[in-house]
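Here's the letter readout for the chains.
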Amino acid sequence: MTTIAIVGAGPGLGAAVARRFGREGFGVALVARDRRRLEGLAAELGAAGVTAGAFPADARDPASLTAALAAAAEALGTVEVLQYSPLPRRDFMRPVLETTAEDLTGPVELSVYGPVTAVRQVLPGMRALGRGTLLFVNGATAVVPEPERAGTSIAFAAEGAYAHLLHERLAPEGVHVAQLIIPGAIVAGHPRKDPAVLAEVLWELHRGREGFRCFADDLDS
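Residue positions are given per chain, counting from 1 as you read along its sequence in written order. Two thresholds apply to this predicted model, a pLDDT of at least 70 for residue-level local features and 80 or more for giving and counting side-chain atom pairs, whereas whole-chain, interface and lining totals are computed over all residues. Remark: hydrogens and water are excluded; side-chain values derive from all non-hydrogen atoms of the structure.

Draft legend 1. View of the pattern of salt bridges. Whenever Lys or Arg places a side-chain nitrogen within 4 Å of a carboxyl oxygen from Asp or Glu, that contact is recorded as a salt bridge. Tallied over the entire structure, the rule returns 12 salt bridges. Measuring nitrogen to oxygen at the nearest pair gives 3.4 Å for the salt bridge that ties Arg-94 to Asp-103. We note a salt bridge from Asp-218 to Arg-192, for which the minimum N-O separation is 3.8 Å. In this pair, Asp-218 is assigned in the segment after strand 7 (213-215) and Arg-192 in the loop between strand 6 (175-182) and helix 6 (195-208), connecting sequence segments 26 residues apart. Only DSSP runs of H or I with at least four residues qualify as helices, and only runs of E with at least two residues qualify as strands; both kinds are numbered from the N terminus onward.

Draft legend 2. Local environment of the side chain of Glu-159. Note that Glu-159 resides in helix 5 (residues 150-170). Despite being buried, Glu-159 has no salt bridge partner; Arg-213 is the closest side chain of opposite charge, sitting 10 Å away. Not counting residues within four places of it along the chain, the set of residues in contact with Glu-159 comprises Tyr-84, Ser-111, Val-112, Pro-115, Phe-136 and Asn-138. Classification of residues uses two cut-offs on accessible area relative to the type maximum, computed with a 1.4 Å probe and protein chains only: under 20% is buried, over 50% is exposed, and between them is partly exposed. For the purpose of counting charges, residues Lys and Arg are taken to be positive, whereas Asp and Glu are taken to be negative. His and the chain ends are not included. Residue contacts follow a heavy-atom distance rule, with two residues in contact if any of their heavy atoms lie within 4.5 Å.

Draft legend 3. Structural detail: empty space enclosed by the protein. Here the term cavity refers to a set of points on a 1 Å grid, laid over the protein atoms alone, in which a 1.4 Å probe fits but cannot get out; the term pocket refers to an open set having protein on both sides within 12 Å along at least five of seven lines, with lining residues being those that place an atom within 4 Å of a point. Grid points are joined across faces, edges and corners, and a volume is the space filled by probe spheres set on the points. Across all of its chains, the model carries one cavity of 30 Å³ or more by this definition. Size it by volume and the largest cavity reaches roughly 50 Å³. Residue lining of the largest cavity: Tyr-84, Ser-85, Pro-86, Leu-110, Ser-111, Val-137, Asn-138, Phe-156 and Glu-159, and that is the complete set. Looking at the lining of the largest cavity, its residues break down into five nonpolar, three polar and one charged. Here the nonpolar group is Ala, Val, Leu, Ile, Met, Phe, Trp, Tyr, Cys and Pro; Asp, Glu, Lys and Arg are the charged ones; every other residue, Gly included, is treated as polar.

Draft legend 4. Spatial organisation of helix 1 (residues 13-23). In terms of burial, helix 1 is a largely internal element, nine of the 11 residues being buried. Inspection of helix 1 places Leu-13, Gly-14, Ala-15, Ala-16, Val-17, Ala-18, Arg-20, Phe-21 and Gly-22 among the buried residues, and these make up the whole buried set. One or two residues past the end of helix 1 sits Gly-25, with phi positive at roughly 95°.

Draft legend 5. Representation of the nonpolar core in the model. Only buried residues count toward a nonpolar core, which is a set of Ala, Val, Leu, Ile, Met, Phe, Trp, Tyr and Cys residues joined through side-chain atoms within 4.5 Å. Counting 31 residues, the largest nonpolar core has Leu-69, Leu-82, Leu-134 and Phe-136 as its most contacted members. Every element with two or more residues in this core is listed here: strand 1 (3-7), strand 2 (27-31), helix 3 (62-76), strand 4 (79-84), helix 4 (105-129), strand 5 (132-139), helix 5 and strand 6. The biggest single contributor to this core is helix 4, with six residues. Each residue touching Leu-69, except ones within four places of it in the same chain, is listed here: Ala-5, Val-7, Val-31, Leu-82, Ala-118, Gln-121 and Val-122. Within the second largest apolar cluster, 30 residues are counted, among which are Val-17, Phe-21, Leu-30 and Leu-180.

Draft legend 6. Just the layout of surface pockets, in detail. Here the largest pocket is characterised by a volume of approximately 1,300 Å³. Looking at the largest pocket, it is lined by 45 residues, and the ones nearest its centre are Ser-85, Pro-86, Leu-87, Pro-88 and Phe-156. If one sorts the elements of the lining of the largest pocket by residue count, strand 5 sits on top with three residues. Split into classes, the residues belonging to the lining of the largest pocket amount to 24 nonpolar, 12 polar and nine charged.

Draft legend 7. Examining the pairing of strand 6 more closely. Counting buried positions along strand 6 gives eight out of eight residues, so the element sits mostly inside the fold. Pairing between strands requires that DSSP locate at least two bridges from one strand to the other. As paired strands, strand 5 and strand 6 are joined by eight bridges and run parallel to one another. When the sheet's bridge partners are listed, Leu-134 is paired in strand 6 with Val-177. Running through helix 5, the crossover from strand 5 to the neighbouring parallel element strand 6 is right-handed. Pairing between strand 6 and strand 7: three bridges, direction parallel. Residue pairing for strand 7: Leu-180 is matched across the bridge by Cys-214. A crossover gets the label right-handed when its path from the first strand over the helix to the second runs clockwise, viewed with the strands pointing away from the viewer. Handedness of the strand 6-helix 6-strand 7 crossover: left-handed.

These figures capture arrangement, not role.
Below, the structure written as structure tokens:
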């Protein structure tokens, strides 16, 4: 068995992706800060026949994120797919003229240092497998900066640049890198932004292995 590690796993998109990949036989490593919530989600997935485990970590803490991903691989199998999709805090989204250098620390830790840490931890296993997928999930400010949301605009853009560089360099090694942009909120029942619909998009990005950036919906939605 190989594993999908979902950094930022929660009851919406994370749970839907876990179910979708779990149906394909992947083990599912749930990574987020709240141990109790993760254990509850892992139990729900287990009851549905999905092999899942809870691996608490703070994506802004490189040591805890590295340890969680290492534990996941040991418990469930080599991480073949990494989804990096933690939600930014509300206070990351301040107007640009009110944003200080200190205000950017959190966004950069979450959206730059976190992805770099996660990728460096799982990439050796993917190389050993001869295949792998890195999935980055971001909001629209990754491609259209929003002056009222400076922190995420800056940090998401940097995350996207990092992901694109990986896409170019890792393709010859059989590691596919893709970014899914989700404009606005994830909405249950929405034809394009329902969690299950988005999970299917992410599955197709993994399976299809073509292109880099995909938009879940129109940018002005």
